[in-house]
Amino acid sequence: MIAVSGASGNLGSATVRHLVQHTDAARVLALSRTPDRNTDLGVRARRADFDEPNALVRALDGVERLLIISIGTDGRLPKHARAIEAAAKAGVGHVLFTSITRAGDPGHPNPLVPDYGATERLLAESAMPFTVLRFNVWVEMLTLVGVAPRAVATGVLPSNSRDGRIGHITRDDSAAVAAAVLAEGGSQGEILEVTGPEAVTDADIAAALTEATGRRVRYEEVSDVVHPQRLLDQGLPEHFAHAWSAAGIAKRQGWYDITTHTVQRLTGQPATSITDHFAAHRAELVS
């Protein structure tokens, strides 16, 4: 069997949907703390909780390949460790883990990275065949935190990232890559940087929003001091404003300026451009 953890979530459910296009649905197992929410996926479901290690081992019985989707809440590293230990005890033959781009580089400014880097090391030390999928920042985040819709509404995208570039990838392309590796069982021992088709600046993002929505969005460079307040003035919640401003500094420093052909190589389809993504989700950007 091929199992996907977090199957009730956005990435997990998308991965399952891609996976059943590659293989018999009878081989696919959706793992979740809420398996009753997975009935629409058309595959078998089992309850799996990273906080219940003994039950987790039982949930992984018969699983040959497993995707561990990283935990987005606090206390993620112990949960990841329990999942890896359970997989080893259950005899899983190949474990995939979703990580963050350049998670192995020292000095990474993203506060989540130490947990992801430590999880990667645990996998390497586990003696199980593994693959790490390091996803660049999902382009959906611009809509989720409110940056893109507010830029469209106000006509201005304030930015402190200057000419910093980022290889934005869509969540669906991320799921397609995970499904391809799960289905084929390849890329063992590899740490794959998974990115969009090109690294873009915030000026490029403003231009893509303009093209996709038909509403002019102007890029405006501002200082690190001013940037959070500009976002607050546009209506972003305070925690998102400061987090996005910090991300702008990291982008300027080159932490996300990486592109690969992993999506095309593994799925046979080109990675989705930011313009195409925005065009497909225009209703979420224009109110």
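Computed from a predicted model, the values in this text were never measured in an experiment. (Residues numbered from 1 in each chain as written. Predicted model: local features only at pLDDT ≥ 70, side-chain atom pairs only at ≥ 80, totals over all residues. Heavy atoms only, no water.)

This part takes up the packing of helix α1 (residues 10-19) against helix α7 (residues 171-184). It is the contact of α1 with α7, at a shortest axis distance of 8 Å, that shows an interaxial angle of 50°. In terms of orientation, α1 and α7 fall into the oblique class. With respect to the hand of their crossing, α1 and α7 are arranged in right-handed fashion. Here N10, L11, A14, T15, H18 and L19 of α1 lie close against α7, whose contacting residues are R171, D172, S174, A175, A176, A178, A179, L182 and A183. In the contact of α1 with α7, the residues fall into nine nonpolar, four polar and two charged. (Axes fitted to C-alpha atoms, helices over the stretch in contact; angles between N-to-C directions. Helix = DSSP H or I, 4+ residues; strand = E, 2+ residues; numbered from the N terminus. Parallel < 35°, antiparallel > 145°, perpendicular 65-115°, else oblique. Left-handed = near helix turned anticlockwise from the far one by under 90°. Contact = heavy atoms within 4.5 Å. Nonpolar A, V, L, I, M, F, W, Y, C, P; charged D, E, K, R; others polar.)

Time to look at the side chain of S174. Secondary-structure assignment places S174 in helix α7. Look at S174 and you get buried, because its relative accessible area is 0%. At a separation of 2.9 Å, a polar atom in the side chain of S174 contacts the side chain of W138. If near-sequence neighbours (up to four positions away) are discounted, S174 is found in contact with L11, F135, W138 and I169. (Buried < 20%, exposed > 50% of the residue type's maximum accessible area, 1.4 Å probe, protein only. Polar contact = N/O pair within 3.5 Å; in protein donor to acceptor, adjacent residues only side chain to side chain.)

Take the packing of aromatic side chains next. Using the criterion set out here, one finds one aromatic pair in the structure. Ring plane angle 40° and centroid distance 6.1 Å describe the contact between F97 and Y116, whose orientation is recorded as tilted. Here Y116 lies in helix α4 (residues 113-125) and F97 lies in strand β5 (residues 94-100), a separation of 19 residues in the sequence. No difference in accessibility class separates F97 from Y116, as the two residues are buried. Here the basic side chain of R171 rests over the ring of W138, its NZ or CZ set 5.5 Å away from the ring centre. (Phe/Tyr/Trp six-rings, centres within 6.5 Å; stacked < 30°, edge-to-face > 60°. Lys NZ or Arg CZ within 6 Å of the ring centre and 35° of its normal.)

So, about α1. Among the 10 residues of α1, eight are classified as buried, and the element is accordingly described as predominantly covered. Considered for burial, the residues of α1 that qualify are L11, G12, S13, A14, T15, V16, H18 and L19. Tucked inside the fold, the buried residues of α1 contact β1 (2-4), β2 (28-32), β4 (65-68), β5, β6 (130-135) and α7.

Turning our attention to the pattern of salt bridges. Taken as a whole and assessed by the stated rule, the structure comprises 15 salt bridges. A salt bridge links D51 to K79; its shortest N-O distance comes to 2.6 Å. Here K79 lies in helix α3 (residues 76-90) and D51 lies in the loop between β3 (44-47) and α2 (53-59), a separation of 28 residues in the sequence. Using a relative accessible area of 39% as the deciding quantity, one classes D51 as partly exposed. Members of the salt-bridge network, linked through shared partners, are R47, D49 and E52. (Salt bridge = Lys/Arg side-chain N within 4 Å of Asp/Glu carboxyl O.)

For the rest of this paragraph, the subject is helix α8 (residues 202-213). Because each turn of an α-helix spans 3.6 residues, side chains separated by three or four positions end up pointing in the same direction. Relative to the 16 Å expected for 12 residues at 1.5 Å per residue, α8 spans 16 Å between its end C-alpha atoms, a close match to the ideal helical length. Taken together, the buried positions of α8 are D202, I205, A206, A208, L209, A212 and T213. Along the axis of α8, the buried positions cluster into a sector of 160°, meaning they face one direction only. Among the residues of α8, the N-terminal cap falls to T201, whose side-chain oxygen and the backbone nitrogen of A203 are separated by 3.3 Å. (Expected span 1.5 Å × (residues − 1). Arc of directions from axis to C-beta.)

Next up on the list: the sheet that holds strand β8 (residues 191-194). The strand order β3-β2-β1-β4-β5-β6-β8 describes an open sheet built from seven strands, whose pairing is parallel. The two strands at the open ends of the sheet, each matched to only one other strand, are β3 and β8. For this sheet, the mean angle separating the axes of adjacent strands, direction not counted, is 20°. Contacting β1, β2, β4, β5 and β6, α1 runs over the sheet at an angle of about 155° to β1. (Pairing = 2+ DSSP bridges.)

Mapped onto the fold, T201 is located in the loop between β8 and α8. Ignoring sequence-local partners within four residues, the contact set of T201 consists of R162, D163, G164 and R165.

For A127, which is not a glycine, the phi torsion comes out positive at approximately 75°. Along the chain, A127 turns up in the loop between α4 and β6. What makes A127 exposed here is its relative accessible area of 75%. Non-glycine residue S187 carries a positive phi angle of around 60°. With respect to the helices, strands and loops of the structure, S187 is situated in the loop between α7 and β8. Residue S187 is classed as buried on the basis of its relative accessible area of 12%.

Don't take any of this as a statement about function, it's just geometry.
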